[in-house]
Amino acid sequence: MATHRTKMLIIGSGPAGYSAAIYGARAMMEPIVVQGLQPGGQLTITTDVENYPGFRDVIQGPWLMEEMKAQAEHVGTRMMWDTIVEVDLANGSPFRAIGDSGDEYIGDVLVIATGAQAKWLGAPGEMELGGKGVSACATCDGFFYRGKKVAVIGGGNTAVEEALYLTNHSDDVTLIHRRDELRAEKILQDRLLNHPKISVLWNKTVESFEAGENGALSHLRLRDTVTGEDSNFSCDGAFVAIGHAPATELFKGKLPMDDSGYLVVEPGTPKTSIPGVFAAGDVMDHTYRQAVTAAGTGCMAALDAERYLATLEVAEREAAE
Ligand code: NDP
């Protein structure tokens with residue numbers, strides 16, 4: 001078990017973490033990135049990316065993350081293949097974190113870029129049929145259902161956007177929602193409800209995901225929330241789109257969070273309530289949740305970290321005089 005000491009400790013390796021590292025390394029903060037369970041983050045389970053600026057042609061999510069990682073390493077970032085399981089923020093800077101490996105990480109500043117992950121229903125068959133008909137990402141997997149019948153579960157912006165996106169691949173898309181009204185924005189609702197390829201099943205919960213003889217999804221078992229009646233809904237693909245959960249378990253009771261568990265920052269900045277601890281990317285942003293906005297807040301975290309370290313050094317010098 002080793003101790004790794006740095007000026008800048010970054011937890012998380014999506015666009016926010018890597019961008020913080022690129023800026024941090026160039027500002028001589030010798031960053032360490034502890035990559036976590038899914039190095040590269042959510043973009044590694046995406047295929048086509050055509051909205052990240054700088055690329056005229058469609059690029060692949062995993063490739064983009066490999067490039068960001070290589071760039072961060074090239075300018076001097078140390079990557080650690082470890083997952084943080086404990087953090088100690090109580091005594092201020094320097095901050096201490098413990099990895100799954102047993103290694104200890106100490107940073108004068110801490111950047112939290114642990115991201116968010118899709119929520120699941122927790123219904124029987126959902127996990128077992130992952131990759132065999134059940135998915136939480138239409139933009140990643142929609143292509144596999146070209147010409148097939150698909151369902152989207154949820155009633156928020158994500159669900160509606162996923163349903164609309166799936167019409168690029170399928171002529172038969174059904175949105176299944178547990179209530180009789182959507183929470184998605186009006187403009188998205190209008191597009192959905194007027195779309196010739198999309199139908200909506202109201203007041204239905206998914207009780208289970210059922211496989212056919214070939215081991216892939218064959219139908220959903222639905223329950224009507226008004227009549228209590230059960231029914232089968234045949235489909236080849238089912239996309240669960242019921243929101244995202246930020247990866248903030250580690251920080252419960254240690255940093256302020258909103259009702260959904262997102263870290264609270266000073267508006268317009270990546271500053272948490274603890275000086276020297278910054279949050280960047282989806283872990284503090286439930287509104288935009290884009291690779292480019294995550295990268296932007298990662299950059300902001302590094303710039304604010306640099307300023308924080310400068311004030312810390314001045315204070316130490318003054319105390320020594
Ligand atoms: P939301 O929390 O807005 O919506 C989640 C949906 O899933 C709700 O309709 C909810 O139902 C349903 N749901 C939740 N849990 C269950 C469950 N266990 N069983 C069945 N249904 C369930 O999440 P989104 O991901 O849609 O959006 C998150 C945030 O991101 C929002 O602020 C949204 O506006 C934003 N966003 C913005 C976009 C844009 O501007 N283009 C695109 C995507 C997201 P119920 O309504 O009954 O609670």
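Since the model is a prediction, treat every value here as computed from it, not as a measurement. (Residues numbered from 1 in each chain as written. Predicted model: local features only at pLDDT ≥ 70, side-chain atom pairs only at ≥ 80, totals over all residues. Heavy atoms only, no water.)

> Would you take a moment to explain the overall build of the chain for this structure?
Scanning the chain from N- to C-terminus turns up six helices and 19 strands. In terms of overall dimensions, the chain is globule-like: its C-alpha atoms have a radius of gyration of 22 Å, near the 20 Å expected for 321 residues. For the chain, the C-alpha atoms occupy an extent of roughly 75 × 40 × 40 Å along the three principal directions. Residues classed as buried in the chain amount to 48% of the 321 residues present. Considering only residue pairs separated by 6 or more positions, the chain has 58% of its internal contacts joining residues 24 or more positions apart. (Helix = DSSP H or I, 4+ residues; strand = E, 2+ residues; numbered from the N terminus. Rg over C-alpha atoms; globule rule 2.2 N^0.38 Å. Buried < 20%, exposed > 50% of the residue type's maximum accessible area, 1.4 Å probe, protein only. Contact = heavy atoms within 4.5 Å.)

> Please clarify how the domain arrangement of the chain should be interpreted in this entry.
Many structure descriptions define interface size as the accessible area lost when the parts assemble. For the chain, the assigned domains are domain 1 (3–118 + 244–320) and domain 2 (134–240). Distance between the C-alpha centres of domain 1 and domain 2: 34 Å. (Domains from an automatic or database assignment.)

> Looking at this model, I keep getting lost on the site of the ligand. Mind explaining?
In the neighbourhood of the ligand, 16 residues make up the surrounding shell, with Asn 157, Thr 158, Glu 161, Arg 179 and Arg 183 lying closest. A distance of 3.1 Å separates an oxygen atom of the ligand from a polar atom in the backbone of His 286. Burial of the ligand by the protein amounts to 71% of the accessible area it has alone, namely 910 Å². For the shell around the ligand, the class distribution of residues is two nonpolar, eight polar and six charged. (Near = heavy atom within 4 Å. Polar contact = N/O pair within 3.5 Å; in protein donor to acceptor, adjacent residues only side chain to side chain. Areas by Shrake-Rupley, 256 points an atom, 1.4 Å probe, with all protein chains shown as cover. Nonpolar A, V, L, I, M, F, W, Y, C, P; charged D, E, K, R; others polar.)

> I would appreciate a short explanation of the packing of helix α1 (residues 15–26) against helix α6 (residues 291–320) in the present structure.
Contact pair α1 / α6: the axes reach a minimum separation of 7 Å and the direction vectors enclose 35°. Once α1 is placed against α6, the crossing between them reads as right-handed. In this structure, α1 contributes Pro 15, Ala 16, Ser 19, Ala 20, Tyr 23 and Gly 24 to the contact, and α6 contributes Ala 291, Ala 294, Ala 295, Gly 298, Cys 299, Ala 302 and Leu 303. In terms of residue class, the contact of α1 with α6 is built from ten nonpolar, three polar and no charged. (Axes fitted to C-alpha atoms, helices over the stretch in contact; angles between N-to-C directions. Left-handed = near helix turned anticlockwise from the far one by under 90°.)

> I keep staring at the sheet that holds strand β14 (residues 204–211) and nothing clicks. Help me out?
Within a sheet, neighbouring strands are paired by backbone hydrogen bonds and run either parallel or antiparallel to one another. Spatially, β14-β15-β16 is the arrangement adopted by the three strands of the open sheet, whose pairing is antiparallel. Both outer strands of the open sheet, β14 and β16 (230–234), are each paired with one neighbouring strand and no more. Here the strands of the sheet are splayed against their neighbours by 30° on average, with no regard to which way each runs. The pairing of strand β15 (residues 217–224) with β16 spans five bridges and is antiparallel. When the sheet's bridge partners are listed, Arg 221 is paired in β16 with Asn 232. (Pairing = 2+ DSSP bridges.)

> Can you walk me through the sheet that holds strand β10 (residues 134–135) in this structure?
The sheet built from five strands is open, its strands ordered β10-β17-β11-β12-β13 with parallel pairing. Two strands bound the open sheet, and with one partner strand each, they are β10 and β13 (198–201). Here strand β11 (residues 149–153) pairs with strand β12 (residues 172–176) via five bridges, running parallel. In the strand pairing of β12, Lys 149 is matched with Asp 172. Where helix α4 (residues 157–166) meets the sheet, its contacts fall on β11, β12, β13 and β17 (237–240), and the angle it forms with β11 comes to roughly 165°.

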